[in-house]
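# Coordinate analysis (summary)
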Amino acid sequence: MHRRRTLLSATAAAALLAVTGCSANADSSAAAKDGTTTVTLALDWTPNTNHTGIYVAQAEGWFKDAGIDLRIVPYGSTAPETLIAAHKADFGISYQEGVTTARAAGADITSVYAVTQKTNVTIAVRAGRDDIGSPKDLDGKTYAGFGAPYEKPLLQTVIQNAGGKGEFKQVTLSTSAYAALYADQADFAMPMPTWEGLEAELSGKPLKNFQLSDYGFPAIYSTLVASSDQYLKKNPTVAKKFLAALDKGYRYAAENPDKAADLLISENKSVLTNTELVKKSEALLAKEYYRAADGTIGTQSAERWQAFADFEYQAGLLVDGAGKKLTKAPDASEFFTDDYLPAAK
């Protein structure tokens, strides 16, 4: 399963800042007994194919070779973004919406590695819906979602860009949204094609997908690795070693998806029981999602970050630490860095 990501509300953002302030001088890295450096990485959900590179590097001993004792923090009630900004985790799996919202509110969080380069969410309908050939046909239909603030303006933008009015019904069903779509109790949802889309196909209920970027919506880094400025500045060498091992894991996954899937499954046998789904997911990620158009892996661009931040600002979704809407779009070039990637000098 993949965690359905939701934006931080104004209240949550303010609470996150309060926690961060209380922990401003904390340093979560520590020397392990064998002389390696302990590094913590918080997951965003139970282990899945978004995490393949992590488990490949762990299984192959690449973190250990780098002098790192990696401690993977299972997903719990506290989001990785909160743990990172409060300096309770050194790194964490996040996503562009989460970092944008938290950073705009003043939280200490920075994206350091883009796991997926292609937007890993689509607008989907049942494959047999001949009456829906474009997002413009979603006017008047029912959307099953998760109640995240960005969902409605995102969908309105896509529908309007496709020639529709952007008027639809919305019901909040959380993880039951996909079941409602499969059962024809809702007309459309926003699943991940690398997981729920494949799940639907394997269950005999295939979906028809509309890519957001085909209708003028900014590309999104759907899965990324984040850290804090405090940690990066205090531990630049460790950060670079960590990302070098992580990058090696994802490069292996991009080049050897079947073997990478086997390693992921072997490290998480009790969770990943549907091996066919895992292997198909990994193959799709390797084919379409890990590499950018220029062939790079892990890299990010200021243009993409700014385009999404501008959308969030124009939609009134960005607030400061006090919960007040921002009066100007933030400079999103501060929301990420490629300086710690292996190729960076």
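About the criteria used
Residues numbered from 1 in each chain as written. Predicted model: local features only at pLDDT ≥ 70, side-chain atom pairs only at ≥ 80, totals over all residues. Heavy atoms only, no water. Helix = DSSP H or I, 4+ residues; strand = E, 2+ residues; numbered from the N terminus. Buried < 20%, exposed > 50% of the residue type's maximum accessible area, 1.4 Å probe, protein only. Contact = heavy atoms within 4.5 Å. Areas by Shrake-Rupley, 256 points an atom, 1.4 Å probe, with all protein chains shown as cover. Axes fitted to C-alpha atoms, helices over the stretch in contact; angles between N-to-C directions. Parallel < 35°, antiparallel > 145°, perpendicular 65-115°, else oblique. Nonpolar A, V, L, I, M, F, W, Y, C, P; charged D, E, K, R; others polar. Core = buried A, V, L, I, M, F, W, Y, C linked by side-chain atoms within 4.5 Å. Salt bridge = Lys/Arg side-chain N within 4 Å of Asp/Glu carboxyl O. 1 Å grid on protein atoms, 1.4 Å probe; cavity = no way out; pocket = protein on both sides within 12 Å on 5 of 7 lines; lining within 4 Å. Points joined across faces, edges and corners; volume = space filled by probe spheres on them. Phe/Tyr/Trp six-rings, centres within 6.5 Å; stacked < 30°, edge-to-face > 60°. Lys NZ or Arg CZ within 6 Å of the ring centre and 35° of its normal. Polar contact = N/O pair within 3.5 Å; in protein donor to acceptor, adjacent residues only side chain to side chain. Pairing = 2+ DSSP bridges. Right-handed = clockwise from strand over helix to strand, strands pointing away.

## Looking at the overall build of the protein
On a plain count of helices and strands, the protein comes out with 13 helices and 10 strands. Here the protein holds 345 residues, and the buried ones make up 55% of them. Summarising the internal contacts of the protein: among those between residues at least 6 apart in sequence, 81% fall at separations of at least 24. Of the roughly 14000 Å² that the protein leaves accessible, carbon and sulfur atoms contribute 49%.

## Concerning the packing of helix H10 (residues 236–255) against helix H11 (residues 257–267)
How two helices sit against one another is set out by the angle between their axes and by the gap between those axes. The contact between H10 and H11 brings their axes to 5 Å, and the two run at 125 degrees. Comparing the axis directions of H10 and H11 gives the class oblique. Packed against H10, whose contacting residues are Tyr252, Ala253, Ala254 and Glu255, the element H11 presents Pro257, Lys259, Ala260 and Leu263 at the interface. Of the residues that constitute the contact of H10 with H11, the class distribution is 6 nonpolar, no polar and 2 charged.

## Things to note about the nonpolar core
Membership of the largest hydrophobic core comes to 47 residues, with the highest contact counts inside it found for Ile54, Phe91, Tyr113, Val225, Phe242 and Leu246. Ranked by residues supplied to this core, first place goes to H10 with 9 residues. Every residue in contact with Leu246, bar those within four places of it in the chain, is listed here: Gly53, Ile54, Phe63, Tyr113 and Val225. With 22 residues, the next largest nonpolar core counts Tyr143, Met190, Phe210 and Leu212 among its residues.

## A short note on the pattern of salt bridges
Within the structure shown, the criterion is met by 10 salt bridges. Across the salt bridge formed by Asp131 and Arg129, the nearest N and O atoms sit 2.9 Å from each other. Relative accessible area serves as the criterion here: at 43%, Asp131 is assigned to the partly exposed category. Linking Arg251 and Asp247 is a salt bridge whose minimum nitrogen-to-oxygen distance equals 2.6 Å. Pair noted here: Arg251 and Asp247 are both in helix H10, with a separation of 4 residues, about one helical turn. By relative accessible area, which is 6% here, Asp247 ends up buried. Through salt bridges that share partners, Arg129, Asp131 and Asp187 make up one connected network.

## Comments concerning the layout of surface pockets
Estimates place the volume of the largest pocket at around 170 Å³. Surrounding the largest pocket, 13 residues form its lining, Pro193, Gly197, Glu201, Asn209 and Leu284 being those nearest its centre. Mapped by element, the contributors of at least two residues to the lining of the largest pocket are helix H8 (196–202), strand S9 (207–211) and helix H12 (275–289). For the lining of the largest pocket, the residue count by class is 6 nonpolar, 4 polar and 3 charged.

## Quick notes on the packing of aromatic side chains
Evaluation of the coordinates by the stated rule reveals 17 aromatic pairs. With 5.5 Å between their ring centres and 20 degrees between their planes, Phe63 and Phe242 make a pair best called stacked. Within this pair, whereas Phe63 is found in helix H3 (residues 62–65), its partner Phe242 is found in helix H10, the two being separated by 179 residues in sequence. Classification of Phe63 by relative accessible area gives buried; the value is 0%. Geometrically, the ring pair formed by Trp305 and Phe335 is edge-to-face, given 6.3 Å between the ring centres and 85 degrees between the ring planes. Residue Trp305 is located in helix H13 (residues 302–314), and its partner Phe335 is located in the segment after H13; the two are separated by 30 residues in the primary sequence. One exposure class covers both Trp305 and Phe335, and it is buried. By the ring-pair criterion, three or more aromatic residues cluster together here, those being Phe63, Phe91, Tyr231 and Phe242. Lying over the aromatic face of Tyr221, Arg304 brings its terminal NZ or CZ to 4.2 Å of the ring centre.

## Description of the environment of Lys118
Considering the arrangement of structural elements, one finds Lys118 in the loop between strand S5 (110–114) and strand S6 (122–126). Assessed through its relative accessible area of 28%, Lys118 is described here as partly exposed. Excluding its chain neighbours within four sequence positions, the residues that come into contact with Lys118 are Gln211, Ile220, Ser222, Glu288 and Tyr289. A distance of 2.7 Å separates the side chain of Lys118 from the side chain of Glu288, its partner in a polar contact.

## Concerning the pairing of strand S7 (residues 142–145)
Because side chains alternate across S7, one face comprises the buried residues Thr142 and Ala144, and the other comprises Tyr143 and Gly145, equally buried. Pairing of S7 with strand S8 (residues 169–172), which is carried by 4 bridges, proceeds in the parallel orientation. Bridge pairing links Tyr143 to Gln170 in S8. Regarding the hand of the β-α-β motif, the stretch spanning S7, helix H6 (residues 151–161) and S8 is right-handed.

## Details of unusual backbone geometry
Phi is positive for His87, which is not a glycine, with a value near 60 degrees. Residue position: His87 is located in the loop between helix H4 (80–85) and strand S4 (91–94). Of note in this structure, Asp184 is not a glycine but carries a positive phi near 65 degrees. As for its position among the elements, Asp184 is in the loop between helix H7 (177–182) and H8.

Functional significance is not addressed by these values, which are geometric in nature.
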